[in-house]
Amino acid sequence: MFDHFHVIKLFNEKLTKLRRDLQREAEAGLGKPVLKGIRWPLLKNPDNLDDTRDERQRLNEALKLNEPLATAYYMKEELRQIWRQSDKAPAEKALAEWIAKAAASNVGMLQQFAKTLAAHRSGILAYYDFDGLSTGTLEGTNNKIKTLHKMAYGFRDTEFFVSAI
């Protein structure tokens, strides 16, 4: 099963690489950083953009200047909608539409990601077979245990470690 977090995380990694590549091209052509400082606003959920730091305004300006980046950004927001569907049938339709739209785009990163999602379609849609089950809680608990284990390194008292867990 491929949950929302991991799919969006992978997409954000690809989006970051696209931004870096476009930044290098822009600096070579214009001689100045055009897309500098928008990495985090680009990756954030639009609802979480900080207006006191002008994140929304800087992001909008950068997206106006670069069509491939804007396309990828808006496709990311559409991708999030797959997990917001009421059940599997509309999610399957939304995923198919997203894959078709990404494959038809002129952005290589989106075309490649569309192939990845198409290959893992059943794993993504399995989310609906298990009533929205996610491994997020389990992964969080495992990370806490790993942190406790690192903190307990050197102690001989395994009873303390077990009680801390």
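Before reading further, recall that the structure is shown in the block above.
Worth saying up front: this structure is predicted, and the values here are computed from it rather than measured.

Draft legend 1. Molecular detail of the overall build of the protein chain. In terms of regular secondary structure, the protein chain is built from 9 helices and 0 strands. The helix and strand sequence of the protein chain, counted from the amino end, reads α-α-α-α-α-α-α-α-α. For the protein chain, the spread of C-alpha atoms along the principal axes amounts to about 60 × 45 × 30 Å. Of all 165 residues assigned to the protein chain, the portion counted as buried reaches 33%.

Draft legend 2. Examining helix H5 (residues 88–104) more closely. Taking 1.5 Å per residue as the helical rise, H5 with its 17 residues ought to reach 24 Å, and the 24 Å between its terminal C-alpha atoms agrees with that figure. Considered for burial, the residues of H5 that qualify are Ala91, Ala94, Leu95, Trp98, Ile99 and Ala102. For H5, the arc enclosing every buried residue in end-on projection is 135°, short of the 170-degree limit, so these residues lie on one face. Among the exposed residues of H5, those oriented more than 90 degrees off its buried face are Ala89, Lys93 and Ala104.

Draft legend 3. Main features of the packing of aromatic side chains. Applying the stated criterion across every chain, the model contains 5 aromatic pairs. On the numbers, 5.3 Å between centres and 70° between planes, the contact of Tyr73 with Tyr74 is edge-to-face. Directly above the ring of Trp40 sits Arg39, whose terminal nitrogen or CZ lies 4.5 Å from the centroid.

Draft legend 4. View of the pattern of salt bridges. According to the stated counting rule, one finds 11 salt bridges in the structure shown. With its nearest N and O atoms 3.0 Å apart, the salt bridge here joins Lys17 to Asp21. Pair noted here: Lys17 and Asp21 are both in helix H1 (residues 4–30), with a separation of 4 residues, about one helical turn. One salt-bridge network, held together by shared partners, links Lys17, Asp21 and Arg24.

Draft legend 5. Local environment of the nonpolar core. Core analysis: the largest hydrophobic core is formed by 38 residues, its most contacted members being Leu15, Leu69, Leu79, Trp98, Leu110 and Leu117. For this core, the secondary-structure elements that each account for two or more residues are H1, helix H2 (39–43), helix H3 (55–65), helix H4 (67–80), H5, helix H6 (108–119) and helix H7 (121–129). Other than its neighbours up to four places away in sequence, Leu79 contacts Val7, Ile8, Phe11, Trp98, Phe113 and Leu117.

Conventions we followed
- Residues numbered from 1 in each chain as written.
- Predicted model: local features only at pLDDT ≥ 70, side-chain atom pairs only at ≥ 80, totals over all residues.
- Heavy atoms only, no water.
- Helix = DSSP H or I, 4+ residues; strand = E, 2+ residues; numbered from the N terminus.
- Buried < 20%, exposed > 50% of the residue type's maximum accessible area, 1.4 Å probe, protein only.
- Expected span 1.5 Å × (residues − 1).
- Arc of directions from axis to C-beta.
- Phe/Tyr/Trp six-rings, centres within 6.5 Å; stacked < 30°, edge-to-face > 60°.
- Lys NZ or Arg CZ within 6 Å of the ring centre and 35° of its normal.
- Salt bridge = Lys/Arg side-chain N within 4 Å of Asp/Glu carboxyl O.
- Core = buried A, V, L, I, M, F, W, Y, C linked by side-chain atoms within 4.5 Å.
- Contact = heavy atoms within 4.5 Å.

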